[in-house]
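# Secondary and tertiary structure notes
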Amino acid sequence: GEVENRPKYYGREFHGIISREQADELLGGVEGAYILRESQRQPGCYTLALRFGNQTLNYRLFYDGKHFVGEKRFESIHDLVTDGLITLYIETKASEYISKMTTNPIYEHIGYATLLREKVSRRLSRSKNESRKTSVTNEEHTTVEKISSLVRRAALTHNDNHFNYEKTHNFKVHTFRGPHWCEYCANFMWGLIAQGVRCSDCGLNVHKQCSKHVPNDCQPDLKRIKKVYCCDLTTLVKAHNTQRPMVVDICIREIEARGLKSEGLYRVSGFTEHIEDVKMAFDRDGEKADISANIYPDINIITGALKLYFRDLPIPVITYDTYPKFIEAAKISNADERLEAVHDVLMLLPPAHYETLRYLMIHLKKVTMNEKDNFMNAENLGIVFGPTLMRSPEDSTLTTLHDMRYQKLIVQILIENEDVLF
């Protein structure tokens, strides 16, 4: 018969308000059998009773347009139970196997690690302008058909100069269609949905538990990096295989070619719509973006586009981690000690951020050398670039106002002492 008060998103498996004992009895000891019941103690709360391993397991069940017990969400109760049974089976029957998976990963044998170890036997020291050269031979390919994508990424094409910047993978939970193997441990990814995680920057597919062991060797793939603006700085330079974001190089080249004597350079704003046009050109055409004088005669549009690039970064050039340390350094009253402290904090910046800042400061120093024409000294530039290059990790207006003079001072010190600091 029809059960009263059955929620419309449950079917015949719903048995109304019954106790655990009744549910246990109804399931009759059949492995994999399941029913749903409403809680006696908390009406409106639902429980999945499931037979597995000669016992009835009870799970609190939720619905928000999809059914879920843990973090995975399912279209139907049937899918949820199927996925649950697969997981329970694997976890009980193969728990030792699972715990061993990450300890003997195939990644170490055929992945980046070995190829780089062979080609770069002395694990290059992380000096600034380092490049990695790797190539792959045919024998290596045949042994590892199954995990070819790993090799594809490991064998960074012939003699490509990859600047030796570390980058963490950007893993997101992913549902794979059809059978899939983990590219870290080479074991099957089980379950119906959300079987593992995929790096949205380079496409590496691994088990969730393997993702914690993958080294910081993400090599972003240009096909996956859709934008130039608003993209993480290290991700962008690794995807484009450059030392610095090409936006910075291209804009600075243009500004130095025709703008160094322009009055109020960087202080005067360009027309916002034109600045947005430049941003769109970079996002669309990458390094082929045309920002020449015949399209944008006003140099303030180019300076505006460069400042916007820095403001749009998800992590500022001066990272959130180093921000408080820079502010502390700026508060030191003795000039020599202050310079020393600033230098120490600079060493903590990720290499791509350090390199970008170094290049920008060399440029801003050139701007100050033309002060008699452009009226921009290091202090003026500090006022403009302080909030552009540094943002407080705390999002409070009060902190921002309080820190402004120190932000200005940091940039001023970096410009004036660029030759000793970098």
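Below you will find a few notes about this structure. Source: prediction; values computed, not measured. (Residues numbered from 1 in each chain as written. Predicted model: local features only at pLDDT ≥ 70, side-chain atom pairs only at ≥ 80, totals over all residues. Heavy atoms only, no water.)

### What to know about the packing of helix 10 (residues 246-258) against helix 12 (residues 299-312)
For the pair helix 10 and helix 12, the least separation of the axes is 10 Å and the interaxial angle reads 155°. For the element pair helix 10 / helix 12, the angle class is roughly antiparallel. Crossing geometry of helix 10 relative to helix 12 is assigned as left-handed. Residues Val247, Val248, Cys251, Ile252, Glu254, Ile255 and Arg258 of helix 10 form the contact with helix 12, whose own contacting residues are Ile299, Ile302, Thr303, Leu306, Tyr309 and Phe310. Split into classes, the residues belonging to the contact of helix 10 with helix 12 amount to ten nonpolar, one polar and two charged. (Axes fitted to C-alpha atoms, helices over the stretch in contact; angles between N-to-C directions. Helix = DSSP H or I, 4+ residues; strand = E, 2+ residues; numbered from the N terminus. Parallel < 35°, antiparallel > 145°, perpendicular 65-115°, else oblique. Left-handed = near helix turned anticlockwise from the far one by under 90°. Contact = heavy atoms within 4.5 Å. Nonpolar A, V, L, I, M, F, W, Y, C, P; charged D, E, K, R; others polar.)

### Brief notes about the sheet that holds strand 10 (residues 196-199)
Spatial ordering of the open sheet is given by 9-10-11, a layout of three strands whose pairing is antiparallel. What marks the edges here is a single partner per strand, and that holds for strand 9 (171-174) and strand 11 (205-206). Pairing geometry for strand 10 and strand 11, over two bridges, is antiparallel. Each bridged residue has a counterpart across the sheet, and for arginine 198 the counterpart in strand 11 is asparagine 205. (Pairing = 2+ DSSP bridges.)

### Brief notes about the pattern of salt bridges
The final tally for this structure, using the stated rule, is 19 salt bridges. Measuring nitrogen to oxygen at the nearest pair gives 2.9 Å for the salt bridge that ties glutamate 355 to arginine 358. Taken together, the residues glutamate 355 and arginine 358, both in helix 15 (residues 351-369) and three residues apart, mark about one turn of the helix. Overall, the relative accessible area of 2% leaves glutamate 355 in the buried class. Taken together, the shared-partner salt bridges connect Arg244, Asp249, Glu355 and Arg358 into one network. (Salt bridge = Lys/Arg side-chain N within 4 Å of Asp/Glu carboxyl O. Buried < 20%, exposed > 50% of the residue type's maximum accessible area, 1.4 Å probe, protein only.)

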